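Take a look at the letters that make up each chain.
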Amino acid sequence: MTSKQLIIVLTLLGCICHSLLTARPLIVPDPEEIYLAFDDGLIEFEDYRRLLELTRLDYLSADDSIYLTRFPDLLAGFSSSPLIDRTAPPDQPQTASHHDTIKTVNQYHANLLFRQYNRINIDSERKNLYRVTFGRARIQLRGERESFYSGTSRWGPRSISYRLKPGHNHSAEIVAGSYSTSFSMGLIYGYHGQLLSKDSDRDEPEKFLYPIYGGSNGLLVKLPIGNDRAVFLYDADRNASHRQQFTAVSLPATIGNVNLRINGGFGQLHQRSTGLNQDIMLLSIGGKAGSRGRQLEAEVGISEVNNRFPLAGSTRLTYRRAHSYVNLLAWSYASEFPSWFSGGPSSHRYLSVAIDDLDLSLRDRFRGETGGAIKTSQSFSKQITVHAVLGYSQRGLDNNRTEYKIGADYLFDNPYRFRLDCYRRLDNIYSDNNKQTRIQAQFSKNGEVGGRVVAGYRFENWSGRNDYFFLTELRINDRWGRLVVNGKIDRLEPSDLQNRYLYFGLSHDSYLGNNLRGYIKYSYRYLKDSPDTSFGTLRWEMKWGIN
């Protein structure tokens, strides 16, 4: 980064730091909305997979919440999705605060979920989802499977875990199958998505052993050491042409008030037809320290590839007070740093990486990138809250991106609230060619009968897109459940005041008893420019909790 770039970034950071604000819950998009965004080309496949994974979590990490701010359109979607407290730590997940039925069902020792999705158009499509979870004292079981109208099926996350001392955060634990974990800040290991593409025509044993799933797959062992735990893992995946595997260990240590983790791993990519391998060795050390609302995290990593030793590093500073919150994040990866299994901070821009010897292409969002992000909030009174997010990343002078989102909330006499957000993206700060602007206003009301009205404007100079969207939503809660009606008019251009995109949704979340929940939703979207791709969807599900 040149001195001129550094001055620009520091100036922007300083301006935003002047207005800090409290963390607020986020609305995670509905799976249907995520699919439509992917189908429309608004998000890429790895983002699509990651967003789907986030809808299954009961909490969000700091990296997750910064990641979600990249999708203002999705976050302005439909609040039938779970409302998630982004500040909840992994050891103490918090379920959706307004989904009391889900929380009640999840308190049972076993849960059965059936979901059917029907896409109704010329080429009808139907798929069923079956999910089973079981927990009794030390043992936890989980399984997920999808079947399609065409006759194909596939496994999702499935696992069996055993904990020696239930309810004890530092108890010995073993997980076989699907799991999610990270080392320190994720430089050498974390959520890495699905590296190898797969089809659904594989043999049944391979479908089960190597499911279509974005997280880790294999064996995870945690053993207590003092007030912490050592972590050992084996992660494996394969398709018809390639295989990947990673073996790693993470050991805790303490120096004064600093909690450290020493991490090491060995990874391999293998071409099954030729027997050729690409091996990597990875080492990192991460630390965490803080008190009274302040916390500093840092990690430095080194790898060995073809007798070269590229480096990577990241750091995060978090500051919390009663009415303010700041999260500063910075990262840097050498151009040759192998990040096949990484889940560390980045801008989530993808770089195509080819391993010619293995005839394999990967999408990498880490290599050669240097960047940072700041997320701040400040409550000036009971009525006014200001929030801001800024991110900058670069892979050279002409390959950089700046993104920021600034907004404010005004709370009228409870439960009425007004929110205004402005999102801006520049793909090269020295060029006027690639800019994107989105402005969004929202008026909402909470309570037994609530809803919201959203209006937004979007401009992209590289695509010539210049349009508006409007969204309305009505929510009615009673002792039987919750009814949601929503509609959206999108892609409305000033030069052509005709509906380009219409969406309508009607859903009901039912309380069918202390241990039974039902959900049904019908939606329809219409595209003026492509009426053949207009379709309706019907989704219904039942969730049963068993003592």
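As a reminder, the structure under discussion sits directly above these lines.
For every chain, the first residue of its written sequence is number 1, and the numbers climb from 1 along that sequence. Owing to the predicted nature of the model, reporting of local features is limited to residues with pLDDT of at least 70; listing and counting of side-chain atom pairs is limited to 80 or more, with chain, interface and lining totals taken over all residues. Hydrogen atoms and water are omitted, and side-chain values are computed over all heavy atoms in the structure.

K.L.:
Account for the side chain of Ser 178, naming residues and giving values.
P.N.:
On the secondary structure map, Ser 178 appears in strand 8 (residues 173–179). Note on definitions: a residue-residue contact is assigned when non-hydrogen atoms from the two residues lie within 4.5 Å. Apart from residues no more than four positions distant in its own chain, Ser 178 is found in contact with Gly 156, Pro 157, Arg 158, Ser 159, Tyr 213, Ser 216 and Asn 217. Helix and strand definitions follow DSSP, with helices as H or I runs of at least four residues and strands as E runs of at least two, each counted in order from the N terminus.

K.L.:
Can you break down the packing of aromatic side chains residue by residue, with the values?
P.N.:
A ring pair, where both rings are aromatic, is described by two values, the distance of the centres and the angle of the planes. Pairing of aromatic rings covers Phe, Tyr and Trp, the last through its six-membered ring, and needs centres within 6.5 Å; plane angles under 30 degrees mean stacked, over 60 mean edge-to-face, and all others mean tilted. In total, this model carries 13 aromatic pairs according to the counting rule given. Taking the centre distance of 5.3 Å and the plane angle of 50° together, the rings of Phe 114 and Tyr 130 count as tilted. With Phe 114 in strand 3 (residues 110–120) and Tyr 130 in strand 4 (residues 125–136), the pair connects residues that are 16 residues apart, well separated along the chain. Relative accessible area decides the class of each residue, using a 1.4 Å probe on protein chains only: under 20% of the type maximum gives buried, over 50% gives exposed, and in between gives partly exposed. Classification of Tyr 130 by relative accessible area gives partly exposed; the value is 37%. The interplanar angle of 75° and the centroid separation of 4.8 Å between the aromatic rings of Tyr 410 and Phe 412 together place this pair among those described as edge-to-face. Exposure remark for Tyr 410: the relative accessible area of 35% places this residue in the partly exposed category. Residue Phe 412 is classed as partly exposed on the basis of its relative accessible area of 39%. Ring pairs connect the aromatic residues Phe 183, Tyr 189, Phe 246, Trp 340 and Phe 341, which therefore count as one cluster. Think of it as a cone above the ring: NZ of Lys or CZ of Arg counts as a charge over the ring if it is within 6 Å of the ring centre and within 35 degrees of the ring normal. For the cation-ring pair, Lys 127 lies above Tyr 117, with the distance from its terminal atom to the ring centre recorded as 5.4 Å. In this arrangement the basic side chain of Lys 488 is found over the ring face of Phe 469, its NZ or CZ atom lying 5.3 Å from the centre.

K.L.:
For the pairing of strand 28 (residues 516–527), give the residues involved together with the corresponding values.
P.N.:
At least two DSSP bridges between two strands are required for those strands to pair. Sheet analysis places strand 27 (residues 501–513) next to strand 28, joined by 12 bridges and oriented antiparallel. Within the sheet, the bridge partner assigned to Gly 505 lies in strand 28 and is Ser 523. The hairpin formed by strand 27 and strand 28 contains 2 residues between the paired strands. Of the pairings in the sheet, the one linking strand 28 to strand 29 (residues 535–546) comprises 10 bridges and is antiparallel in character. Each bridged residue has a counterpart across the sheet, and for Ile 520 the counterpart in strand 29 is Trp 540.

K.L.:
So what's going on with the nonpolar core? Which residues, and what values?
P.N.:
Take the buried Ala, Val, Leu, Ile, Met, Phe, Trp, Tyr and Cys residues and link them wherever side-chain atoms come within 4.5 Å; each set so joined is a nonpolar core. Counting 32 residues, the largest nonpolar core has Tyr 189, Leu 233 and Trp 340 as its most contacted members. When contributions to this core are tallied by element, the ones reaching two or more residues are strand 8, strand 10 (228–238), strand 11 (242–255), strand 13 (277–291), strand 16 (324–333) and strand 18 (360–364). Here this core takes 3 residues from strand 16, the largest share from any one element. When neighbours within four sequence positions are excluded, Leu 233 is seen to be in contact with Tyr 179, Thr 181, Phe 183, Tyr 189, Leu 219, Leu 220, Phe 246, Thr 247 and Ala 248. Judged by nonpolar contacts, the second largest core, of 11 residues, contains Ile 34, Tyr 48, Leu 68 and Leu 74.

K.L.:
How would you sum up empty space enclosed by the protein? Please name residues and give values.
P.N.:
Cavities and pockets were defined on a 1 Å grid built over protein atoms only: a cavity is a set of grid points that admits a 1.4 Å probe from which the probe cannot escape, a pocket is an open set flanked by protein on both sides within 12 Å along at least five of seven lines, and lining residues are those with an atom within 4 Å of any such point. Grid points are joined across faces, edges and corners, and a volume is the space filled by probe spheres set on the points. Tallied over the entire structure, the rule returns 2 cavities of 30 Å³ or more. What the largest cavity holds in volume is close to 80 Å³. For the largest cavity, the lining is made up of 13 residues, of which Tyr 213, Gly 215, Asn 217, Ala 236 and Asp 237 are closest to its centre. Per-element accounting of the lining of the largest cavity gives the leading share, 3 residues, to strand 10.

K.L.:
Could you give me a rundown of unusual backbone geometry, with the residues and numbers involved?
P.N.:
Residue Pro 415 is reached from Asn 414 by a cis peptide bond, and omega for that bond is 20°. Along the chain, Pro 415 turns up in the loop between strand 21 (400–411) and strand 22 (416–426). The phi torsion at Ser 184 lies on the positive side, around 50°, for a residue other than glycine. The residue Ser 184 is located in the loop between strand 8 and helix 7 (204–209) in this model. Looking at Ser 184, the relative accessible area reads 27%, which means it is partly exposed.

K.L.:
I'd like a rundown of the pattern of salt bridges, residues and numbers included.
P.N.:
If the charged atoms of two oppositely charged side chains come close together, the side chains can form a pair. Salt bridge, as used here: a side-chain nitrogen of Lys or Arg that lies within 4 Å of a carboxyl oxygen of Asp or Glu. For the structure shown, the criterion picks out 26 salt bridges. For Arg 308, the salt bridge identified is with Glu 336, shortest N-O distance 2.5 Å. You can see Arg 308 sitting in the loop between strand 14 (294–304) and strand 15 (311–320) and its partner Glu 336 sitting in the loop between strand 16 and strand 17 (351–355), a full 28 residues away along the chain. The exposure class of Arg 308 is partly exposed, given its relative accessible area of 48%.

K.L.:
Please provide a residue-by-residue account of the pairing of strand 23 (residues 435–445), values included.
P.N.:
The sheet contact formed by strand 22 and strand 23 spans 11 bridges and is antiparallel. What sits directly across from Arg 424, in strand 23, is Thr 437. In the sheet, strand 23 pairs with strand 24 (residues 449–460) via 10 bridges, with the strands oriented antiparallel. Pairing of Ser 444 across the sheet is with Arg 452, part of strand 24. Between strand 23 and strand 24, which pair antiparallel in sequence order, lie 3 residues; one of them, Gly 447, sits at a positive phi of approximately 125°.

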